[in-house]
Amino acid sequence: MAEAPDKDVMVQADGLVKIYKTKETEVLALQGLDLTVRTGELIALIGNSGSGKSTFLNMIGGLDRPSAGSLFVDGKNLFTMSEKQLVRYKRDTVGFVWQNNGRNMLPYLTAIENIMLPMNLSSTRHKREKAAKLLEMVGLTHKKHSKMNMLSGGEQQRIAIAIALANSPKLLLADEPTGSVDTKTADYIFDLFTELNQNGQTILIVTHDMALSKKVRRVVAIRDGKISSERVLREEFADRVKESNIDWREINSQEEYVVMDKAGRLQIPRELIDELGLTDNKVQIAFEHNEIVIRKPSEQKEKETKA
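Cut-offs used in this document
- Residues numbered from 1 in each chain as written.
- Predicted model: local features only at pLDDT ≥ 70, side-chain atom pairs only at ≥ 80, totals over all residues.
- Heavy atoms only, no water.
- Pairing = 2+ DSSP bridges.
- Helix = DSSP H or I, 4+ residues; strand = E, 2+ residues; numbered from the N terminus.
- Axes fitted to C-alpha atoms, helices over the stretch in contact; angles between N-to-C directions.
- Contact = heavy atoms within 4.5 Å.
- Buried < 20%, exposed > 50% of the residue type's maximum accessible area, 1.4 Å probe, protein only.
- Salt bridge = Lys/Arg side-chain N within 4 Å of Asp/Glu carboxyl O.

Caption draft 1: Quick peek at the sheet that holds strand β6 (residues 94–97). Pairing in this open sheet of 7 strands is mixed, and the strands run β6-β7-β8-β3-β9-β10-β11 from one edge to the other. Strands with a single pairing partner mark the edges of an open sheet, and in this sheet they are β6 and β11 (254–258). For this sheet, the mean angle separating the axes of adjacent strands, direction not counted, is 20 degrees. The sheet contact formed by strand β3 (residues 42–46) and strand β9 (residues 218–223) spans 4 bridges and is parallel. Across the sheet, the residue bridging to I43 is R218, located in β9. Relative to strand β7 (residues 171–175), helix α1 (residues 53–60) is tilted by about 150 degrees, and along the sheet it contacts β3, β6, β7, β8 (202–206) and β9.

Caption draft 2: Representation of α1 within the structure. The element α1 is largely enclosed, with a buried count of 6 among its 8 residues. Of all the residues in α1, the buried ones are K53, T55, F56, L57, M59 and I60. One or two steps after α1, the chain reaches G62, where phi turns positive at roughly 75 degrees.

Caption draft 3: Region of the structure containing the pattern of salt bridges. One pass over the structure, following the stated rule, counts 18 salt bridges. Here D187 makes a salt bridge to K215, at a shortest N to O gap of 3.4 Å. Of this pair, D187 sits in helix α6 (residues 183–198) while K215 sits in the loop between α7 (210–213) and β9, and the two are 28 residues apart along the sequence. Judged by its relative accessible area of 33%, D187 is partly exposed. According to the relative accessible area criterion, K215 is buried, its value standing at 7%.

In structure tokens form, the structure reads like this:
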């Protein structure tokens, strides 16, 4: 049985596998993914469609069960949870912000009623007081009696964040939170996440938003169901994430690292493999001058191999 991680670890995934089966085929969505998220971190997950990032987010959110490996969130083993424990986990441990606002809100309720709905506090007065504070935090106190059709897409997304925080979750998960809003609202949402994180909230964001991902201190890239690389914000940009005069899409604000898994395997970026001009899947590797060097096999050795 897997051991629970240290107390300062919010998410610990080791060798995580997810297989989706149909009558005709099996799809391997996660292929031995390893990731550690420390308590208090703000992390962005990036990757192409089908890379496994949304599958991983659903695992952490308790919306889907892993097939193999181990997964702990806030010290809780998601492999051994009963259905009753899983319901409590989804209510108390994680908060979820969806790109589709309709998954967070009921259209016939007002903004403040939507925020109160998931709360597990016993007193209606306490629920309303907390909902009012959350509305103030997202800058929409003046919209508390508005129903969803009276709010813009950006306002709905800010209400969705307030709903996700209603039960003070240990971990906030956001799936493309800026995917359907304009640049100004996207900046506001990121500033809100930054403020929450500075106050101790652990946040995990899945995003295609290049500008947003380049402002985050740690960005994890998923490719073919595994962690392929990480980007870390350069120190000189750490205090400049709110500056509007920086073109975050173009600027090189992060250092990028290829991630080695526990078996010593690396995912070499596709563009580098293409530059190497391989004719098959073999490379030469050597340790030279304190560096690991990867080379295309020499033509002579290729001929000897084929012979």
